[in-house]
Number of protein chains: 2
Amino acid sequence: MRRDRLLLAASLIVIFSADIYFILLPKLRSTGEGSGRSCSCQPSNFSQLSDWTLTPLQDITLSQPDNGGSKLDRLFAHPLYNTQTPVLGPEESLLHLEQLMDYYRKKVSRWERHMKLYNEAAAASNITVMEHEVAFDPDANWVKFHLGISRNALYSRQDPAITQLLWDMRDMTVVNADYTQDGKSLKGACDCSQVVKPSGHHLKLALKMQNFAKAMFKPMRQQREDETPEDVFYFVDVQRHNAEIAAFHLDRILDFRRVPPVAGRWLNLTGEVLQVTRNDELRAVFFTSPANNTCFFAKCLYMCKTEYAVCGTPDLLEGSLSAYLPGLSIAPRISIPNPWIRSYSFTRQEEWEVNPLYCDTIKQLYPYNSGNRLLNIIDMSIFDFLMGNMDRHHYEVFTKFGDEGFLLHLDNARGFGKHSQDEMSILAPLSQCCMIKRSTLLRLQLLAQAHFRLSDVMRESLQKDPLQPILTEAHLSALDRRLHKLLRVVQRCVRRLGKDQVITNDFKPRAEALSKKSK
Amino acid sequence: MRRDRLLLAASLIVIFSADIYFILLPKLRSTGEGSGRSCSCQPSNFSQLSDWTLTPLQDITLSQPDNGGSKLDRLFAHPLYNTQTPVLGPEESLLHLEQLMDYYRKKVSRWERHMKLYNEAAAASNITVMEHEVAFDPDANWVKFHLGISRNALYSRQDPAITQLLWDMRDMTVVNADYTQDGKSLKGACDCSQVVKPSGHHLKLALKMQNFAKAMFKPMRQQREDETPEDVFYFVDVQRHNAEIAAFHLDRILDFRRVPPVAGRWLNLTGEVLQVTRNDELRAVFFTSPANNTCFFAKCLYMCKTEYAVCGTPDLLEGSLSAYLPGLSIAPRISIPNPWIRSYSFTRQEEWEVNPLYCDTIKQLYPYNSGNRLLNIIDMSIFDFLMGNMDRHHYEVFTKFGDEGFLLHLDNARGFGKHSQDEMSILAPLSQCCMIKRSTLLRLQLLAQAHFRLSDVMRESLQKDPLQPILTEAHLSALDRRLHKLLRVVQRCVRRLGKDQVITNDFKPRAEALSKKSK
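Throughout this description, residue numbers start from 1 for each chain and increase along the sequence as written. Written order determines the labels here, with chains lettered from A and ligands numbered from 1. Restriction of local features to residues with pLDDT of at least 70 applies here, the model being predicted, together with a cutoff of 80 or more for giving and counting side-chain atom pairs; totals for whole chains, interfaces and linings are based on all residues. Values shown for side chains rest on all heavy atoms present in the structure; no hydrogens or waters enter the calculation.

A.B. asks: Pulling in residues and values, what's your account of the overall build of chain A?
C.D. replies: Only DSSP runs of H or I covering at least 4 residues are called helices, and only runs of E covering at least 2 are called strands; the numbering of each starts at the N terminus. Looking only at helices and strands, one finds 19 helices and 12 strands in chain A. The buried share among the 519 residues of chain A stands at 58%. Note on contacts: a residue pair qualifies if any of its non-hydrogen atoms lie within 4.5 Å across the two residues. Looking at chain A alone, contacts between residues at least 24 apart form 79% of all its contacts between residues at least 6 apart. For the accessible areas, the method is Shrake-Rupley and the probe is 1.4 Å, while residue cover comes only from the protein chains on display. A total accessible area of about 22000 Å² is found for chain A, and carbon and sulfur atoms account for 54% of it. Burial status follows relative accessibility: with a 1.4 Å probe on protein chains alone, a residue under 20% of its type maximum counts as buried, one over 50% as exposed, and anything between as partly exposed.

And the structure:
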């Protein structure tokens, strides 16, 4: 019951801060800023938007002149990004410190045992593997990231470990490279009838670092300025390393914090993969290209499909490095089909594509009939719509947090494929259910303002990545255009159903759920 | 013996005509033309070339002003392209008229029988196939093409049926579409370990026309201005329809006439493939793309590899149409591994790549130890070098003409991949054997002149194709650059071995062979 009060207080603080921010400053500014700057998202429309949403957002443009400082800093300093979150109880952290240390110490000694055995065998068969000492550091930033995962998000807003971890990933020493678990589960068999996501899929690598961190590497497959051809189905599109990076930044800017940290990285395919891997199959897919570059190709597509190879120049290859989540044995997750899943076939249509009342059915079904799950799905669809990601067939949640857990936004590499197309069907959960979290809407409205413009804060955020520029200007301005379209969808819902029906206080359901739990 | 004399007379006429052409006109012109035009192949070098080749070619530039007329007409009017060929004896034609008519009449009636049965079965299973009447016309241009194939070439220089056939191919009505025989021989199985040429390979289609002509369609897979990435091995490069078209024109300009007629064609994938095919498997690989275009993909790569699909807009797809040779049952051919075959692996090297004396070995081996075969291989390497085709693993000859038959230059779709690279290893037969037919060299020298410049005559020739432009300017000027490099290779050989050793009268060996035969 005490927690309920805290949550309610937190909600009130959010609304209050927003009130002060948007009511005290408003009428002073009106056209001052809008005239001189080109805004692809037509700010004039946003002042109309305010009619049907919250009073505090009645006036959208800010009177302060754009002093040229960091828009991103300004965004993160905004009250909406500084709401007090309740102090976490012990059950609201994903992991316990002692348990985690114990788990990793066991993993380290198992790893050392395995490596000793492998190295003996390798020496006997004349295979040279570069050996690195592994040193598990309980104070490493990746450990802090794991310890910081809570029922609210993957990391807290001001957690310095995240920024540090992004920095670490640039040059962490790689001590082992292997296929990822899902790559391995294919066991080299090419069961094409089962594979929904072919090609790029099997080129990702699991890297182990000297400090025992693990990260997934997705190599560059496509130039920044290439657009996915219009005839390509979403489920055969290549995976884009820059989309993986941009998705992390977008998710953080939307304040979801449901994407594990991702940073760009230059990888030396010879020194950091070929010479450190203990997997003979992985070693076997390496070759030297006609241009004398080091390349490797997908295991499953061996012989037939060397067009799918990726190559370094001559050894260096850029890619995305995503921090691994804690292992499934210590932090189990479940994968749940997205209710708005696509058909992954040439012709079949799913029910949601033909039934405009589909959401009414979903609303009746567990776990969408209570709590935040449906609102979380709508958040996810907003995230996916902004980046044009149609490949969200499943979502994952930590089992520990049960039905109230947040949805992990993993595997975003099929976003940012076409800047010139806005795939409205991705927004089906929002447009069919006509519901949105008040907190999400407030942030979206903020990002639609020139003062915090989404494309500007994204550009600034992405500039910190070593592989910058991550997104072309065309993709950045698509974000603004899509944000505008998204707010129009909410506007139409409010016109139809009224704001009380559409704009939902997302703290309440969780409080209810908790009170139910405590009964 | 009479034929020998004829052949010798013909040789003398060639040399005589060249003499008149190049000695009567020469000294009058020297720099007049060269100054005003940019020539990527440095004509000044070509005058040096003449030192070591034939006296008639001593002076290369022509005194006549470039009157702006057709360079291609001028080329084909040149004495080198108007040498008298001996009248063909009955055994020097590939086919006999009666035999061919009999063969096709049988084929037509078998076809009609099959179609009747198929259509009954199709009606029973509710499959609608568009039916066209087939009318075999013994006077059709494709029949004339078949009848014109001789021991000298696939067609004679002035054969109007070839120009007519190219014209016919633009709009011949397609009455049936199917996989090609080599596509079918895979039987849908994807034996990757066997497949040297994946991807594009299985997207080609065998089309039957209303007048019973057959042609192979290769769809467009690549934009004209795209270059093959430097890391792609030649054996996984896509097949280019425009290379197939350009190769026919290049082969004709080189006066080889060993490529069957190829023309560009817009094909309606729905009306001319999907609705006329009787192959259920082919019908099954058709789908509609997200952009609502009609597409189809390679049978062997089904499910996994829809990225390999080709799509019309919405139904129209451009491609190359190559006239079929007479069926193997009436005109058998054998396929022989190219002695300069590449390894088709990532690492293995073939003997010719490491042994500079490889040609000495080959010269000892049947059938390269007598006759024209080795000179024909060198012709082929010249043809392949000019277009940058590294994919000549086998060559074919008509069995009827035995070891003295010309080599068919089939399957040229992997040419014209990189305009910026000149792959000198393709010339290995020439550079290692240091032999070239006098007739080939004379024509190459002619095409190196500004007055007949290879790129100009190619551009002009390709302009007649309905899909023009077929080659980008970068590819056209690469032809001139490569021709220059090729002549330098001959120059070096002559310097080393003397012209008598290098420049070979190709008529003699055949005459010898014939006289041997008649003994």
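A.B. asks: Tell me what's going on with the sheet that holds strand E2 (residues 205–209) of chain B, and back it up with residues and numbers.
C.D. replies: Paired through backbone hydrogen bonds, the strands of a sheet run either parallel or antiparallel to each other. Residue and element names in this part refer to chain B. In spatial order, the strands read E1-E2-E3-E8-E4; together these 5 strands make up an open sheet with antiparallel pairing. The open sheet has two edge strands, strand E1 (174–179) and strand E4 (262–268), and neither has a second partner. Within the sheet, the average angular offset between the axes of one strand and its neighbour, ignoring direction, is 35°. Strands are labelled as partners when DSSP assigns at least two bridges between them. Here E4 runs beside strand E8 (residues 316–323); their pairing, made up of 7 bridges, is antiparallel. Along E8, the bridge assignment pairs Asn268 with Leu316. Simply put, an axis is a line fit to the C-alpha atoms, just over the touching stretch for a helix, and the angle between two N-to-C directions goes from 0 to 180 degrees.

A.B. asks: Which residues make up the pairing of strand E1 (residues 174–179) of chain A, and what are the values?
C.D. replies: Residue and element names in this part refer to chain A. A large share of E1 lies buried, amounting to 6 of its 6 residues. Relative to strand E2 (residues 205–209), E1 runs antiparallel, the two sharing 5 bridges. Bridge pairing in E2 places Ala177 opposite Leu207.

A.B. asks: Any details on helix H4 (residues 97–124) of chain A? Residues and values, ideally.
C.D. replies: Residue and element names in this part refer to chain A. One fewer than the residue count of a helix, multiplied by 1.5 Å, yields its expected span. Here H4 is 28 residues long and its end C-alpha atoms lie 41 Å apart, about the 40 Å a rise of 1.5 Å per residue gives. Listed in full, the buried residues belonging to H4 are Leu100, Met101, Tyr103, Tyr104, Val108, Trp111, Met115, Tyr118, Asn119 and Ala122. Check the buried side of H4 and you find it contacts helix H5 (141–147), E1, E2 and helix H10 (280–284). A positive backbone phi angle near 65° is found at Asn126, which sits one or two residues after H4.

A.B. asks: Pulling in residues and values, what's your account of the pairing of E2 of chain B?
C.D. replies: Residue and element names in this part refer to chain B. Of all 5 residues in E2, 5 are buried; the element is thus mostly enclosed. Burial along E2 is two-sided: Leu205, Leu207 and Met209 facing one way and Ala206 and Lys208 facing the other are all buried. Where E2 and strand E3 (residues 214–219) come together, 4 bridges link them in antiparallel fashion. When the sheet's bridge partners are listed, Ala206 is paired in E3 with Met216.

A.B. asks: Break down the state of the cysteines for me, with residues and values.
C.D. replies: Residues and elements named next belong to chain B. In plain terms, two cysteine sulfur atoms within 2.5 Å form what is called a disulfide here. Counted under the stated rule, the structure contains 6 disulfides over all chains. Between the sulfur atoms of Cys359 and its disulfide partner Cys433 the distance amounts to 2.0 Å. In this structure the cystine formed by Cys359 and Cys433 twists about its S-S bond by roughly 110°; its chirality is therefore right-handed. Here Cys359, found in helix H12 (residues 358–364), pairs with Cys433, found in helix H14 (residues 428–433); they are 74 residues apart in sequence, far enough to count as distant. On the basis of relative accessibility, which here comes to 1%, the residue Cys359 falls in the buried class.

A.B. asks: Describe unusual backbone geometry, and please don't skip the residues or the numbers.
C.D. replies: The omega angle of the peptide bond from Thr313 of chain A to Pro314 of chain A is -25°, so this bond is cis rather than trans. Residue placement: Pro314 of chain A occurs in the loop between strand E7 (310–311) and strand E8 (316–323). At Asp255 of chain B, a position not held by glycine, the phi torsion is positive, near 65°. Residue Asp255 of chain B is classed as buried on the basis of its relative accessible area of 6%. The phi dihedral of Asp411 of chain B falls on the positive side, at around 65°, and the residue is not glycine. Judged by its relative accessible area of 32%, Asp411 of chain B is partly exposed.

A.B. asks: Please set out the environment of Leu328 of chain A residue by residue, giving values where relevant.
C.D. replies: All names here are of chain A. Considering the arrangement of structural elements, one finds Leu328 in the loop between E8 and strand E9 (333–337). Looking at Leu328, the relative accessible area reads 52%, which means it is exposed. As for Leu328 and Phe398, which are separated by 70 residues in sequence, their C-alpha atoms are 9.3 Å apart.

A.B. asks: Can you explain the packing of aromatic side chains? Please cite residues and give values.
C.D. replies: All names here are of chain A. Classification of ring pairs rests on two measures: the distance between centres of Phe, Tyr or Trp rings, Trp counted by its six-membered ring, which must be within 6.5 Å, and the angle between planes, read as stacked under 30 degrees, edge-to-face over 60 and tilted in between. Per the stated rule, a full pass over the model turns up 25 aromatic pairs over all chains. Ring centres of Trp340 and Tyr358 lie 5.3 Å apart, and the angle between their planes is 85°; this geometry places the pair in the edge-to-face category. Separated by 18 residues along the polypeptide, Trp340 in the loop between E9 and helix H11 (351–354) and Tyr358 in helix H12 (residues 358–364) bring together distant segments of the chain. Overall, Trp340 belongs to the buried group, its relative accessible area being 5%.

A.B. asks: Can you lay out the sheet that holds E2 of chain A for me, pointing to particular residues and giving the numbers?
C.D. replies: Residues and elements named next belong to chain A. The strand order E1-E2-E3-E8-E4 describes an open sheet built from 5 strands, whose pairing is antiparallel. Unpaired on one side and paired on the other, E1 and strand E4 (262–268) mark the two borders of the sheet. Direction aside, neighbouring strands of the sheet carry axes that sit 35° apart on average. Judged from the 5 bridges that link them, strand E3 (residues 214–219) and E8 form a sheet pairing that is antiparallel. Bridge pairing in E8 places Lys218 opposite Ser320.

A.B. asks: Can you explain the pattern of salt bridges? Please cite residues and give values.
C.D. replies: Residue and element names in this part refer to chain A. Should a side-chain nitrogen of Lys or Arg be within 4 Å of a carboxyl oxygen of Asp or Glu, the pair is scored as a salt bridge. For the structure on display, the rule yields 52 salt bridges over all chains. In this structure, the salt-bridge partner of Asp102 is Lys106, at a minimum N-O distance of 3.5 Å. Placement of both Asp102 and Lys106 in helix H4 is noted, with a separation of 4 residues, approximately one turn of the helix. Asp102 gets classed as partly exposed once you look at its relative accessible area, which sits at 41%.

A.B. asks: Just give me the short version of helix H8 (residues 241–253) of chain B, but keep the residues and values in it.
C.D. replies: All names here are of chain B. The end-to-end C-alpha distance of H8, which contains 13 residues, comes to 19 Å, matching closely the 18 Å that a straight helix rising 1.5 Å per residue would cover. Burial within H8 is extensive, with 13 of its 13 residues counted as buried. Phi for Asp255, located one or two positions after H8, is positive at around 65°.

A.B. asks: Can you explain the side chain of Ser320 of chain A? Please cite residues and give values.
C.D. replies: Structurally, Ser320 of chain A can be placed in strand E8. Apart from residues no more than four positions distant in its own chain, Ser320 of chain A is found in contact with Met216, Phe217, Lys218, His241, Glu244, Ile245, Val262 and Ala263 of chain A.

A.B. asks: Help me get a handle on the packing of helix H15 (residues 438–447) of chain B against helix H17 (residues 473–497) of chain B, residues and values and all.
C.D. replies: Residues and elements named next belong to chain B. Their axes nearest at 10 Å, the elements H15 and H17 cross at an angle of 135°. By the angle class used here, H15 and H17 are oblique. Judged by the twist between their axes, the crossing of H15 over H17 is left-handed. Of the residues in H17, those touching H15 at Leu441, Leu444, Gln445 and Leu447 are Leu483, Leu486, Leu487 and Val490. Polarity classes work like this: nonpolar for Ala, Val, Leu, Ile, Met, Phe, Trp, Tyr, Cys and Pro, charged for Asp, Glu, Lys and Arg, and polar for all others, with Gly in that last group. Looking at the contact of H15 with H17 residue by residue, the class counts come to 7 nonpolar, 1 polar and no charged. Any angle between 65 and 115 degrees counts as roughly perpendicular, while under 35 counts as roughly parallel, over 145 as roughly antiparallel, and the rest as oblique. It is the rotation of the near helix from the far one that decides the hand of a crossing: anticlockwise by less than a right angle makes it left-handed, clockwise makes it right-handed.

A.B. asks: I'd like a rundown of the packing of helix H13 (residues 373–387) of chain A against helix H17 (residues 473–497) of chain A, residues and numbers included.
C.D. replies: Residues and elements named next belong to chain A. At a closest axis distance of 8 Å, the pairing of H13 and H17 adopts a crossing angle of 140°. In terms of orientation, H13 lies oblique with respect to H17. Taken as a pair, H13 and H17 cross one another with a handedness that is right-handed. Taking contact as the criterion, the partners of Ile382, Phe385, Leu386 and Met387 in H13 are, on H17, Leu479, Arg482, Leu483, Lys485 and Leu486. By residue class, the composition of the contact of H13 with H17 is 7 nonpolar, no polar and 2 charged.

A.B. asks: Got a sec to walk through the environment of Lys204 of chain B? Specific residues and values, please.
C.D. replies: Residue and element names in this part refer to chain B. With respect to the helices and strands, Lys204 occurs in the loop between helix H7 (181–185) and E2. Since its relative accessible area comes to 5%, Lys204 is described here as buried. When the C-alpha atoms of Lys204 and Ser320 are compared, they prove to be 9.6 Å apart, with 116 residues separating the residues in sequence.

A.B. asks: So what's going on with the confidence of the model for chain A? Which residues, and what values?
C.D. replies: Residue and element names in this part refer to chain A. Within chain A, residue pLDDT values average 83, and 79% of them lie at 70 or more. Predicted confidence for residues 508–519 stays below pLDDT 50, and this span has 13 contacts to residues more than four positions away or in other chains. Across the interface, the model reports ipTM at 0.75; the global pTM reads 0.81. For every residue, the predictor assigns a confidence score, pLDDT, that lies between 0 and 100.

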